[in-house]
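Close look at the chain arrangement
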Amino acid sequence: MSSLNSKQLKDYNNNGFVAPIDVFTLEEAAEIKKEIEHIEKKWPNELIGLGRNNVHYISPVFDKVCHNAKILDAVESIIGKDILVGGTTLFIKDPDKKGFVSWHQDAKYIGFEPYNWVTAWLAITNANEENGCMRMWSGSHKEKIKDHKDTYNKNNLLTRGQTVQDVPIEKTTPNILKAGQLSLHHPMIVHGSGPNKSNQRRIGFVIQSYIGTNVDQVLGKVFVQQARGKDTFKYHEHAKRSVELMSKKDIELKNKANKELSKIFYKDAKKIGKF
Ligand SMILES: O=C(O)CCC(=O)C(=O)O
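Here is a short report on the structure shown in this document. Keep in mind that this is a model prediction, so the values were computed, not measured.

1. With respect to the overall build of the chain
Looking only at helices and strands, one finds five helices and 16 strands in the chain. A compact globule built from 275 residues should have a C-alpha radius of gyration of about 19 Å, and the chain, at 17 Å, falls within 12% of that. With the C-alpha coordinates of the chain rotated into their principal frame, the extents come out at 45 × 40 × 40 Å. Split into buried and exposed, the 275 residues of the chain put 56% on the buried side. Taking the intrachain contacts of the chain between residues at least 6 apart in sequence as the baseline, contacts between residues at least 24 apart amount to 84%.

Following this line, the structure appears as structure tokens:
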């Protein structure tokens, strides 16, 4: 069932993103945060580097987020009813680190074509200007794919520090979300985020991305899960849903999927970064 109203759809089409969309209560978001902290405490290496990707394969909590009906209803409004989960990433900004995300377009490096896909950014903590929420260049999704310079800056949370230069900051809008709220953004929108200047963590769980079943991966191989509808195209290998935290089989799947993802992210790159 599609859930975005005409104003929200107009926002998405005009600006390249729509926000905020209420999904979880503060309490539910806090429970999801606890799952991250639990994994970090018990398996300290699991969510770092390349491991920040595809946590939904090893955690039933994150699996359920990806298959949440409220999120899928909103996504269906944009890409239609045949929906696959094409991958996830945790973007965690700790207060004592200088992590930032340079201006970029997802479509430049993610490899999903055609662009019948949308990225869902779920705030696990509040995201605001102080703690480095995303900033979106409204309308930039209507332009072409821009040149990106690979900077490999050590504090850049993007794989190769890919950066669109000369972004007019005055045309960008902060994507302020409360914990539990979601935003949806277009593959072509230029966006980025600054460092966390608060004394609390800023955590975003990003379904990167929800893809229509008609969407192929043109840079490599990706595993998917059926989130809604039917996959008559069968472009991708379908993966099972997680029912037990950190099961051996699921860890193997996550590692395999991340190895493939790394090949996509670093295709033709000069060197491999830390994610
Ligand atoms: O979490 C962030 O600050 C940036 C995430 C991002 O670039 C994305 O979800 O496409």
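2. Some thoughts on the environment of Val-224
For Val-224, the location among the structural elements is in strand E15 (residues 223-228). Accessibility expressed as a relative area gives 0% for Val-224, which makes it buried. Each C-alpha atom of the pair Val-224 and Ile-21 lies 24 Å from the other, and the pair is 203 residues apart in sequence. For Val-224, the contacting residues outside a window of four places in its chain are Tyr-57, Leu-84, Val-85, Gly-86, Ile-211, His-236, Glu-237, His-238 and Ala-239.

3. Side note on the nonpolar core
In this structure, Leu-90, Leu-184, Phe-205 and Tyr-210 are the most contacted members of the largest nonpolar core, which totals 36 residues. Element by element, the count of residues in this core is highest for helix H4 (residues 69-79), at five residues. In contact with Phe-205, other than residues within four places in its own chain, are Val-55, Phe-62, Val-65, Cys-66, Thr-88, Thr-89, Leu-90, Ala-120, Trp-121, Leu-122 and Ile-124. One finds Trp-117, Trp-121, Leu-261 and Ile-264 within the second-largest nonpolar core, a separate group that totals 30 residues.

4. Some remarks on the pairing of strand E7 (residues 134-137)
Examined bridge by bridge, E7 and strand E12 (residues 190-193) share three bridges and lie antiparallel to one another. In the sheet register, Arg-135 faces E12, and the bridge partner there is Gly-192. Of the pairings in the sheet, the one linking E7 to strand E10 (residues 172-174) comprises three bridges and is antiparallel in character. Bridge pairing in E10 places Trp-137 opposite Thr-172.

5. Observations regarding the packing of aromatic side chains
Taken as a whole, this structure holds five aromatic pairs when the rule is applied. Taken together, the aromatic side chains of Phe-112, Tyr-115 and Trp-117 make up a single cluster linked through ring pairs. Just above the ring of Phe-275 sits the side chain of Arg-52; from NZ or CZ to the centre is 3.8 Å. The lysine or arginine in question, Lys-271, covers the ring of Tyr-152, its NZ or CZ lying 4.8 Å from the ring centre.

6. Concerning the side chain of His-185
With respect to the helices and strands, His-185 occurs in strand E11 (residues 181-185). There is a polar contact of 2.8 Å between the side chain of His-185 and the side chain of Asp-106. With residues up to four places along the chain from it excluded, the contact list for His-185 reads Tyr-12, Gly-16, Phe-17, Asp-106, Val-118, Thr-119, Met-134, Met-136 and His-191.

7. A short note on the sheet that holds E10
Reading across the sheet, the four strands line up as E4-E12-E7-E10 and stay open at both edges, with antiparallel pairing between neighbours. The two strands at the open ends of the sheet, each matched to only one other strand, are strand E4 (101-105) and E10. Along the sheet, successive strands turn relative to each other by an average axial angle of 20°, direction set aside.

8. Description of the pairing of E4
Counting buried positions along E4 yields five of five residues, so the element is predominantly enclosed. Pairing analysis gives three bridges linking E4 to E12, with the strands arranged antiparallel. Looking across to E12, one finds that Val-101 is bridged to Ser-193.

How each quantity is defined
- Residues numbered from 1 in each chain as written.
- Predicted model: local features only at pLDDT ≥ 70, side-chain atom pairs only at ≥ 80, totals over all residues.
- Heavy atoms only, no water.
- Helix = DSSP H or I, 4+ residues; strand = E, 2+ residues; numbered from the N terminus.
- Rg over C-alpha atoms; globule rule 2.2 N^0.38 Å.
- Buried < 20%, exposed > 50% of the residue type's maximum accessible area, 1.4 Å probe, protein only.
- Contact = heavy atoms within 4.5 Å.
- Core = buried A, V, L, I, M, F, W, Y, C linked by side-chain atoms within 4.5 Å.
- Pairing = 2+ DSSP bridges.
- Phe/Tyr/Trp six-rings, centres within 6.5 Å; stacked < 30°, edge-to-face > 60°.
- Lys NZ or Arg CZ within 6 Å of the ring centre and 35° of its normal.
- Polar contact = N/O pair within 3.5 Å; in protein donor to acceptor, adjacent residues only side chain to side chain.
- Axes fitted to C-alpha atoms, helices over the stretch in contact; angles between N-to-C directions.

Without other data, these values stay purely geometric and don't point to any function.
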